[in-house]
Amino acid sequence: SVFEPVTGPGIRPYPYTTDMSVNPLTYGDLTTNTLTIPHGVGTVWATAVWEMYWALVGQYGFDADLYAGTGGNNLAIQLVVDGMKLQPCNPTFLDARDAILAADVANNGGANECLIWAAFAKRGMGFGAQDGGTSSTLNVTEAFDLPPQCGTTGPICGNGTCETGEDCSTCSADCASGTAPGAVCGNNVCE
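Attention in this report is confined to the structure presented alongside it. Everything numeric here is computed off the predicted structure, so don't read it as measured data. (Residues numbered from 1 in each chain as written. Predicted model: local features only at pLDDT ≥ 70, side-chain atom pairs only at ≥ 80, totals over all residues. Heavy atoms only, no water.)

## Quick look at the overall build of the chain
Defined as follows: Each helix is a run of DSSP H or I of at least 4 residues and each strand a run of E of at least 2, with the numbering of both proceeding from the N terminus. When accessible area is computed with a 1.4 Å probe and restricted to protein chains, residues below 20% of their type maximum are described as buried, those above 50% as exposed, and intermediate ones as partly exposed. Throughout, a contact is declared for two residues whenever any of their heavy atoms are within 4.5 Å. Only the protein chains shown count as covering a residue, and every accessible area follows the Shrake-Rupley method with a 1.4 Å probe.
Helices and strands together make up the secondary structure of the chain, namely five helices and zero strands. Tracing the chain from N to C terminus, the helices and strands come up as α-α-α-α-α. Residues counted as buried form 41% of the 191 residues belonging to the chain. Long-range pairs, those at least 24 residues apart, make up 47% of the contacts in the chain between residues at least 6 apart in sequence. Of the accessible surface of the chain, which amounts to about 9,900 Å², a share of 58% is contributed by carbon and sulfur atoms.

## A closer look at a nonpolar patch on the surface
For clarity, the cut-off: Here a patch means residues that are over 30% exposed by relative accessible area and free of salt bridges, tied together within 9 Å if like-charged and within 5 Å if nonpolar (Val, Leu, Ile, Met, Phe, Trp, Tyr). When a carboxyl oxygen of Asp or Glu lies within 4 Å of a side-chain nitrogen of Lys or Arg, that pair is called a salt bridge.
Side chains of Ile77, Val81 and Met84 sit close together on the surface and give an oily, nonpolar patch of about 260 Å² of accessible area. Residue class for Ile77 comes out partly exposed when judged on its relative accessible area of 45%.

## Quick word on the state of the cysteines
Put simply, the rule is: We call a pair of cysteine sulfur atoms a disulfide whenever their separation is within 2.5 Å.
Here the structure, examined in full by the defined rule, presents one disulfide. Shown here is the disulfide that connects Cys114 with Cys150, its sulfur atoms set 2.1 Å apart. Given an S-S torsion of about -90°, the disulfide between Cys114 and Cys150 has left-handed geometry. One end of the pair, Cys114, is in helix 4 (residues 113–122); the other, Cys150, is in the loop between helix 4 and helix 5 (172–175), and 36 residues separate them in sequence. You can call Cys114 partly exposed: its relative accessible area is 24%.

## Description of the side chain of Thr92
Its place among the elements puts Thr92 in the loop between helix 2 (72–86) and helix 3 (93–108). Take Thr92: its relative accessible area is 6%, and that puts it in the buried class.

## A look at unusual backbone geometry
With the exception of glycine, the majority of residues adopt a negative phi angle, and the majority of peptide bonds are in the trans configuration. The omega torsion across Ile37 and Pro38 is 10°, close enough to zero to call that bond cis. One non-glycine residue, Asn33, lies in the positive phi region at around 60°. Of note in the backbone geometry, Asn90 takes a positive phi value of approximately 50° without being a glycine. Within the secondary structure layout, Asn90 lies in the loop between helix 2 and helix 3.

## A look at the packing of helix 3 against helix 4
Rule in force here: Between N-to-C directions, angles cover 0 to 180 degrees, with each direction set by a line fitted to C-alpha atoms, over the stretch in contact for helices. In this scheme, roughly parallel covers angles under 35 degrees and roughly antiparallel covers those over 145, while 65 to 115 is roughly perpendicular and the rest are oblique. Take the far helix as the reference: if the near one is turned anticlockwise from it by less than a right angle, the crossing is left-handed, and if turned clockwise, right-handed. Each residue is assigned to one class: nonpolar for Ala, Val, Leu, Ile, Met, Phe, Trp, Tyr, Cys and Pro, charged for Asp, Glu, Lys and Arg, and polar for all the others, Gly among them.
At a minimum axis separation of 10 Å, helix 3 and helix 4 run at an interaxial angle of 160°. Between helix 3 and helix 4, the interaxial angle falls into the category roughly antiparallel. Where helix 3 crosses over helix 4, the handedness of that crossing is right-handed. Taking contact as the criterion, the partners of Arg97, Asp98, Ile100, Leu101 and Asp104 in helix 3 are, on helix 4, Glu113, Ile116, Trp117 and Phe120. When its residues are assigned to classes, the contact of helix 3 with helix 4 shows five nonpolar, no polar and four charged.

## Quick notes on the packing of aromatic side chains
To keep things clear, this is the line we draw: Two rings belonging to Phe, Tyr or Trp (six-membered ring only in the last case) form a pair when the distance between their centres is within 6.5 Å. Interplanar angles under 30 degrees mark stacking, angles over 60 mark edge-to-face geometry, and anything in between is tilted.
Evaluated as defined, the whole model comprises eight aromatic pairs. Consider the rings of Tyr16 and Trp50, whose centres lie 6.4 Å apart with planes at 45°: the pair is tilted. With Tyr16 in the segment before helix 1 (39–60) and Trp50 in helix 1, this pair connects stretches of sequence that are 34 residues apart. Ring geometry for Trp45 versus Phe120: centroids 5.5 Å apart, planes at 35°, classification tilted. Residue Trp45 is found in helix 1, and its partner Phe120 is found in helix 4; the two are separated by 75 residues along the sequence. Across the pair, Phe120 and Trp45 agree in class, each one buried.

## Description of the nonpolar core
Here is the rule: We define a nonpolar core as any set of buried Ala, Val, Leu, Ile, Met, Phe, Trp, Tyr and Cys residues linked to one another through side-chain atoms lying within 4.5 Å.
One finds Phe120 and Met125 to be the most contacted residues of the largest nonpolar core, which totals 36 residues. Looking at which element gives the most residues to this core, the answer is helix 1, with ten residues. Leaving out residues up to four positions away in the same chain, Met125 has contacts with Tyr27, Val44, Trp45, Ala48, Phe93, Leu94, Arg97, Trp117, Phe120 and Ala143.

## Quick look at the pattern of salt bridges
In this structure the tally under the stated criterion is four salt bridges. Each of the salt bridges in this network shares a partner with another, and the network as a whole consists of Glu51, Lys122 and Arg123.

Set out below in structure tokens:
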């Protein structure tokens, strides 16, 4: 324990947030040799999972019932746990990402595939990313693209961007008035 107040900086190089201006980390930062092992490097992974968590909350809402809830927060936690069951031993970040995608297929018929891809792609773990072949290498290549089945443009709920066609009632994170240029909430469409 470092005996910091709740507002202290902690052991991570950046706080967990979906705001790229506060936490700019992406997968490519592993190659800079500026992140400590394990906490600095782990922050990159945890930040990508945080993106997925809030994208799912944006899509399905938050449910305070941690045991029987059906919100996006419950779904995110279940996908991470089930992904750990499906990933290989000594997984790379991309192996773990793919296991979360496989968990969504097993649990939800892949209903959240593009949302999950978008969350990881935002932090450089997109479709074209390369992991260097082993879990111990930091020689990775980031990519911010989506697989062909997801297209390259929105709307993708939870990516922090107001995109044509997003529904404010189901993706308030992207469509909240004042947080995304052009967003008009109350008309159920994000322009």
